[in-house]
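Remarks on the overall topology
One letter stands for each residue in the lines below.
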Amino acid sequence: MTHFTSNSRSFSTASFAGMTSTSTSTSITPSANNHTDPAKDDDQQQPLQSHKIVDTLYNLKNQPHLAFSIFSHLKNPDIPAYAAIIRILCHWGLHKMLHSIFLHLHHNNNDFTSFDISHLLDTLSPPHHIDIDLEKEDTVKHRSSFLIQVYDALVKSYVTAGMLDEAINALFQIKRRGFLPHIFTFNYLMNKLIANGKVDAALAIYKQLKSLGLNPNDYTYSIIIKAFCRKGSLVEASNVFQEMELCGVIPNAYAYTTYIEGLCANQRSDFGYQVLQAWKEGNIPIDVYAYVAVIRGFCNEMKMDRAEVVLGDMEKQELISDARCYSELIRGYCKAGDLSKALALHNDMESKGIKTNCVIVSTILQYFCEKGMHSQVVEEFKRFKDLRIFLDEVSYNIVVDALCKLEKVDQAVALLDEMKGKQMDMDIMHYTTLINGYCHVGKLVDAFRVFEEMEGKGLKPDAVTYNILLAAFSRRGLANEALKLYEYMKSRDLKPNAITHNVMIEGLCIGGKVTEAEAFFCNMEEKSIDNYGAMITGYCEAKHTEKASELFFELSEQGLLMDRGYIYKLLEKLCEEGEKDRALWLLKTMLDLNMEPSKDMYGKVITACYRAGDMRNAEAVFHILCKSGLTPDIFTYTTMINVCCRQNRLLEARNLFQDMKHRGIKPDLVTFTVLLDGHLKRVHSEAFARKRKEVNLAASNIWKEMQNTEIRPDVICYTALIDGHCKVDRLEDAIGLYDEMMYRGVEPDRATCTALLSGCRNRGDVDMVLTKLNLINLTSVKEM
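Bear in mind that the values here come from a model prediction, so they are computed numbers and not experimental data. (Residues numbered from 1 in each chain as written. Predicted model: local features only at pLDDT ≥ 70, side-chain atom pairs only at ≥ 80, totals over all residues. Heavy atoms only, no water.)

1. Topic: the overall build of the chain
A tally of regular secondary structure across the chain gives 43 helices and zero strands. Classification of the 784 residues of the chain by burial places 47% in the buried group. Sequence-distant contacts in the chain: of pairs separated by 6 or more residues, those separated by 24 or more amount to 62%. For the chain, the accessible area works out to roughly 39900 Å², and carbon and sulfur atoms hold 50% of it. (Helix = DSSP H or I, 4+ residues; strand = E, 2+ residues; numbered from the N terminus. Buried < 20%, exposed > 50% of the residue type's maximum accessible area, 1.4 Å probe, protein only. Contact = heavy atoms within 4.5 Å. Areas by Shrake-Rupley, 256 points an atom, 1.4 Å probe, with all protein chains shown as cover.)

Set out below in structure tokens:
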């Protein structure tokens, strides 16, 4: 597991060479007599061999598939060979093969060292000297049609190869060759440019169409509507319909649907629905997909009621709603967290005879998975499978992930084997999920074995895969293995991303390798603010809060602000470790930097001060919290009520209690217990001698209020009340509380008995209480 060696693969060319030799032996390969001198210069043989290859291809002009097969096995075809096969394929209209020829050309000449493609195009432009039965068609019109096919295939091959700029250049070099490409080629290129996010480039091409003498068709205008919608230019998209009308082009259903979809994608679903209804009333061709687009728009905007109205509208108009409509609604309700509604819609869909599909199933399964309901994922998957619903690779991956999180990795492996048995291939996603599963249960050897298997299948792990393994190695303290894997990742031409660096830094710290984490951090060539944040988090995880604080201080001195999440992590850790002075300093620094802490963070600092006995700072932070406009949570209010009670400020405690309720925060059992205990413990003190009646009344009112709620006292609450009554010589009330406690099934503990016995001793009647408590071991109780 410590060695990361590249899986070298040798691709034998013997079979290809053999096929080439066999296919061309009678017409291309020179006879043995022509090779009397083995040392003869190859440059002298090349023209002859190339000429014979071309002759062989043209001799197979009526067998284009065989000609294509022979050409495909040529090692280094030259321009005449490419020209020959291109002419043959164009003649027979074999456009898919023609497309693959240009892809072959790009692959062999991606550095353009062999020849320039423009040279090939120059060769193709004039009539060829070799007869392929085209003399009777050898007209300008034919040559133009031939070159249109060539350029169409060339442009599409550039797009397939991801060479979009080259595709644009090729398209606009056509005019100088004396002909114009078909508008379909422009449409194809513009559509692909939009799909790749190059909307401005698509619009620029559109502007030049007319200058070239081309007339856009209905599909061209639909593409431009899509482009404007992608830019958010909805007015310009609407104006395209006016331009179509001026040019006499009738919009097709795709154009109308594209505009409606654009409105919905730009958070204008209500308007999109109005447009749809208006066009429908005007007998404009609107297909089901337009309704799907509106439903999707409303679901994305979380307007689920409106989305269902659209579905109902379809049914009223007797339009057949299909699985796509229900799929969007089910996805929307899952996103909104309303699973019951999503499942009800799914049942409604099936009751109408609309078959569910793997997309809908995956949506439901993914919802269960995100909610941590992994057992339900497995159960639902089995149910759908028993119903013989086709489940794709995505569905399987979700269930594999769920099984791994249930630590049932063996079952996950069996499920992947089942998937492969159905002729479904495992991809990077499946392997990565399985690797994550093994890491989750601590089986790192198995995880790395799957990683090697993945590479052996020719699949290149992505950054996510590496990050999972790096996190697992580093968190387990396997620093050397993690660092070797990190270097191996870079050797595979995969640049580590910010997450990779953070995973390494935090993981090494969690694994107890802080020194290695510091070395890794220092050796990084470029450090982002997130990397510093990861180092701070790592220090916190390793309980090196002093180093974390120092690093944060250095950054703040330089005016560098990191994400709140890292600061909150440091603040939380300082509070947990009881370092209230550093916590107060960090809180003050955040305020000085205009970084308003959350109320949760305020609460943690207040608690830290309270636990350290620093009531003054606890109160000061609470006042800052209130002035910030944030509403303290119940935990913070309860802490501050306790602070006031401990300082004998019972009126302020009650005022906080009232303020808490006024802000809509319902007190819980702990809040009532703290307030009651605070009052009852002070009743007997000299400080409250004059106010004893008032305090008793307040305590009684608090107790009555608690009884009027659904909150039921626990043993701690009863014990506090019993102890309070005993201390003011109200033994009968204390015994009454004990009786109530037993009646409600709340089991008394040792502290309860101790409090009651203490009150009895003050009365001098211990035996009576012992009888009341029904204690068997009287000796042990008397010793309490």
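2. What to know about the pattern of salt bridges
Note on pairing: side chains with opposite charge can pair once their charged atoms come close. Applying the stated criterion across every chain, the model contains 35 salt bridges. A salt bridge links R296 to E261; its shortest N-O distance comes to 3.5 Å. Of this pair, R296 sits in helix 15 (residues 288-300) while E261 sits in helix 13 (residues 253-265), and the two are 35 residues apart along the sequence. With relative accessibility at 21%, the residue R296 sits in the partly exposed group. (Salt bridge = Lys/Arg side-chain N within 4 Å of Asp/Glu carboxyl O.)

3. Observations regarding unusual backbone geometry
Phi is positive for E407, which is not a glycine, with a value near 65°. Here E407 shows up in the loop between helix 21 (393-405) and helix 22 (409-421). Positive phi is not limited to glycine here, since D493 has a value of about 60°. Mapped onto the fold, D493 is located in the loop between helix 26 (479-491) and helix 27 (498-510).

4. Remarks on the packing of helix 27 against helix 28 (residues 514-523)
As a packed pair, helix 27 and helix 28 sit with axes 7 Å apart at the nearest point and diverge in direction by 155°. Between helix 27 and helix 28, the angle falls in the class roughly antiparallel. Helix-helix and strand crossings are classified by hand; for helix 27 and helix 28 the assignment is left-handed. In contact with H501, M504, I505, L508 and C509 of helix 27, helix 28 contributes V514, E516, A517, F520 and F521. Residues that form the contact of helix 27 with helix 28 fall into these classes: eight nonpolar, one polar and one charged. (Axes fitted to C-alpha atoms, helices over the stretch in contact; angles between N-to-C directions. Parallel < 35°, antiparallel > 145°, perpendicular 65-115°, else oblique. Left-handed = near helix turned anticlockwise from the far one by under 90°. Nonpolar A, V, L, I, M, F, W, Y, C, P; charged D, E, K, R; others polar.)

5. Points about helix 6 (residues 117-124)
Turning to helix 6, its buried residues number three or more, namely I117, L120, L121 and L124. Angular distribution of buried residues about the axis of helix 6 spans 100°; they occupy a single face of the element. (Arc of directions from axis to C-beta.)

6. Some details on the packing of aromatic side chains
In total, this model carries 22 aromatic pairs according to the counting rule given. With a centroid separation of 5.9 Å and 70° between ring planes, the pair formed by F622 and Y637 is classed as edge-to-face. Residue F622 is located in helix 34 (residues 615-627), and its partner Y637 is located in helix 35 (residues 634-646); the two are separated by 15 residues in the primary sequence. By relative accessible area, Y637 is classed as buried at 0%. Each residue in the set F448, F451, Y466, F473 and Y488 is aromatic and connected to the rest through ring pairs, giving one cluster. Directly above the aromatic system of F384 lies the positively charged group of R383, at a separation of 4.7 Å from the ring centroid. A cation over a ring is seen here: K527 above F521, with NZ or CZ 5.4 Å from the ring centre. (Phe/Tyr/Trp six-rings, centres within 6.5 Å; stacked < 30°, edge-to-face > 60°. Lys NZ or Arg CZ within 6 Å of the ring centre and 35° of its normal.)

7. Some points on the confidence of the model for the chain
Taken as a whole, the chain shows an average pLDDT of 83; of its residues, 85% reach a score of 70 or greater. The least confident element of the chain, judged by mean pLDDT, is helix 1 (residues 14-24) at 33; the most confident is helix 25 (residues 463-475) at 96. Segment residues 127-140 is flagged for pLDDT under 50; beyond a separation of four residues in sequence, or across chains, it makes 18 contacts in the model. Taken together, the stretch residues 775-784 has pLDDT below 50 and engages in 14 contacts with residues farther than four places along the chain or on a different chain. (pLDDT = per-residue confidence, 0-100.)

8. Examining the environment of V695
Relative to the elements of secondary structure, V695 occurs in helix 38 (residues 692-707). Overall, V695 belongs to the buried group, its relative accessible area being 4%.

9. Here we look at helix 24 (residues 444-456)
Spanning 13 residues, helix 24 covers 18 Å between terminal C-alpha atoms, matching the ideal 18 Å at 1.5 Å per step. Taken together, the buried positions of helix 24 are occupied by L444, A447, F448, V450, F451, M454 and E455. In an axial view of helix 24, the angular spread of the buried residues amounts to 155°, which keeps them on one side of the axis. In this fold, the buried residues of helix 24 make contact with helix 23 (428-440), helix 25 and helix 26. In the stretch just after helix 24, G458 is the one whose phi turns positive, near 85°. (Expected span 1.5 Å × (residues − 1).)

10. Here's the deal with the side chain of N397
Tracing the chain through its elements places N397 in helix 21. Of the residues examined, N397 reaches a relative accessible area of 9% and is grouped as buried.

11. What to know about the state of the cysteines
What the rule picks out here adds up to zero disulfides. Just so you know, C609 is unpaired, no disulfide at all, and the nearest cysteine sulfur is the one on C575, 7.8 Å from it. (Disulfide = S-S within 2.5 Å.)

12. Here's the deal with the packing of helix 21 against helix 22
Look at helix 21 against helix 22: their axes get within 8 Å of each other, and the N-to-C directions meet at 165°. Of the possible angle classes, the one that applies to helix 21 and helix 22 is roughly antiparallel. Classified by chirality, the crossing of helix 22 by helix 21 is left-handed. Touching E393, Y396, V399, V400, L403 and C404 of helix 21 are V409, Q411, A412, L415, L416, E418 and M419, all from helix 22. Grouping the constituent residues of the contact of helix 21 with helix 22 by class yields 10 nonpolar, one polar and two charged.

13. Description of the side chain of H73
Relative to the elements of secondary structure, H73 occurs in the loop between helix 3 (64-72) and helix 4 (79-92). Given a relative accessible area of 16%, H73 falls into the buried group. At a separation of 2.8 Å, a polar atom in the side chain of H73 contacts the main-chain carbonyl oxygen of S69. (Polar contact = N/O pair within 3.5 Å; in protein donor to acceptor, adjacent residues only side chain to side chain.)

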